[in-house]
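Descriptive structure summary
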Amino acid sequence: PGVGRVFLTWNENREADMAGYYIYRSAKSGRDRVRLNEKPLARTTYSDETAEPGRSYYYVVTAVDRSGNESQPSKEQAAYTEKFR
């Protein structure tokens, strides 16, 4: 977490038919997740610059293959964004 953003990193999925990753965020643990990226990301990092300062968020990542099949979500990770000073 940082001021006004959350920077995420995860381990690479090495499947031969990998298309990329989807990032999901929610304000409540385990529910109401919203996908943050329209197309699968080819990299293993993401900077959520839409995170509001002073709030807690919960993130999961899924892997997507070239056929559009999506994996189960990763373990949920919590982050708190700092308020501007």
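Source: prediction; values computed, not measured. (Residues numbered from 1 in each chain as written. Predicted model: local features only at pLDDT ≥ 70, side-chain atom pairs only at ≥ 80, totals over all residues. Heavy atoms only, no water.)

Attention shifts here to the confidence of the model for the chain. Per-residue pLDDT for the chain averages 92, and the proportion of residues at 70 or more is 94%. Across the chain, the secondary-structure element scoring lowest on mean pLDDT is strand E6 (residues 77–80), at 93, and the one scoring highest is strand E3 (residues 34–35), at 98. (pLDDT = per-residue confidence, 0-100. Helix = DSSP H or I, 4+ residues; strand = E, 2+ residues; numbered from the N terminus.)

As a further point, take the sheet that holds strand E2 (residues 18–26). The 4 strands lie next to each other as E3-E2-E5-E6, forming an open sheet whose pairing is antiparallel. The open sheet terminates on both sides in strands that have one partner only, identified here as E3 and E6. Alignment of strand E5 (residues 56–65) against E6, held across 4 bridges, turns out to be antiparallel. When the bridges of E6 are listed, tyrosine 59 appears paired with glutamine 77. (Pairing = 2+ DSSP bridges.)

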